[in-house]
Amino acid sequence: MPEPPENPEDAKLVTLARSVRARTRAAEGASVRDLDGRTYAGATVSLPSLHLSAVGVAVAMAVSSGAAGLEAVVVVTEGGDVSDADLAAVRELAGAGVPVFRADARGQVAERLTT
C-alpha cells in the first residue's frame, strides 16, 4: 500500500476531499492545489442532465478561477481506478509529473499516480 502523502499540504488535500465527499454524500470527492497554493474541492455531480466527476469539478473550479497549473490532486473514492478522462484533464491543465493520490473514505492512500 502506498505511503500517505509526505507533504503536509498534500495531506490537507486528503482531508479536504474527504470532507466534501462526506458533506455531499457523493460517490467521490476531490481536491486540487494550484501553483499559487489555492485549493479547490468538488464532489461528483449526478443530475439527470449533468454528470461530472469530482476531479472534473475541482479542475473546472481551478480553471475558472484562473489557475495556470496544479501541484497535486487527491480523489477520495471507494471505486476503482482514477479514470483516464480525469487524468487527462489534470494533465491538460498541469502537464506531466503532477502527483494524483487515490484514497479511500478513511483517507488511506491506495494509489499514487503521476501525470
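Anything mentioned here points back to the structure above.
Parameters and conventions
- Residues numbered from 1 in each chain as written.
- Predicted model: local features only at pLDDT ≥ 70, side-chain atom pairs only at ≥ 80, totals over all residues.
- Heavy atoms only, no water.
- Buried < 20%, exposed > 50% of the residue type's maximum accessible area, 1.4 Å probe, protein only.
- Helix = DSSP H or I, 4+ residues; strand = E, 2+ residues; numbered from the N terminus.
- Arc of directions from axis to C-beta.
- Contact = heavy atoms within 4.5 Å.
- Pairing = 2+ DSSP bridges.
- Axes fitted to C-alpha atoms, helices over the stretch in contact; angles between N-to-C directions.

Caption draft 1: Region of interest: helix α3 (residues 84-94). Within the sequence span of α3, burial applies to D86, L87, V90 and L93. The buried residues of α3 occupy an angular sector of 135° when projected down its axis, which confines them to one face. Counted as exposed and oriented over 90 degrees from the buried face of α3: D84, A85 and E92. Close packing links the buried residues of α3 with α2 (54-64), β5 (70-77), β6 (99-103) and β7 (109-114). G95 occupies a position one or two residues after α3 and carries a positive phi of about 85°.

Caption draft 2: Fine view of the pairing of strand β1 (residues 28-34). Here β1 lies mainly inside the structure; 7 of its 7 residues are buried. Burial of the side chains of β1 extends over both faces: E28, A30, V32 and D34 are buried on one face and G29, S31 and R33 on the other. Where β1 lies against β5, 7 bridges are found, and the strand directions are antiparallel. Across the sheet, the residue bridging to A30 is V75, located in β5. Where β1 meets strand β2 (residues 39-43), 5 bridges bridge the pair, whose relative direction is antiparallel. Residue pairing for β2: S31 is matched across the bridge by A41. As consecutive antiparallel partners, β1 and β2 are separated by 4 residues, and within that stretch G37 has a phi angle of approximately 90°, a positive value.

Caption draft 3: Broad picture of the sheet that holds β1. As summarised here, the arrangement of the 5 strands in space is β2-β1-β5-β6-β7, forming an open sheet in which the pairing is mixed. Taken across any chain shown, the strands that pair with only one partner, and hence form the sheet edges, are β2 and β7. Between one strand axis and the next, the sheet turns through 15° on average, direction left out of account. Bridge count for β6 against β7 is 5 bridges, and the pairing is antiparallel. Paired with F101 across the strands is R112, a residue of β7. In this fold α3 packs onto β5, β6 and β7, with an angle of close to 165° to the strand it touches most, β5.

Honestly, it's all geometry; don't read function into it.
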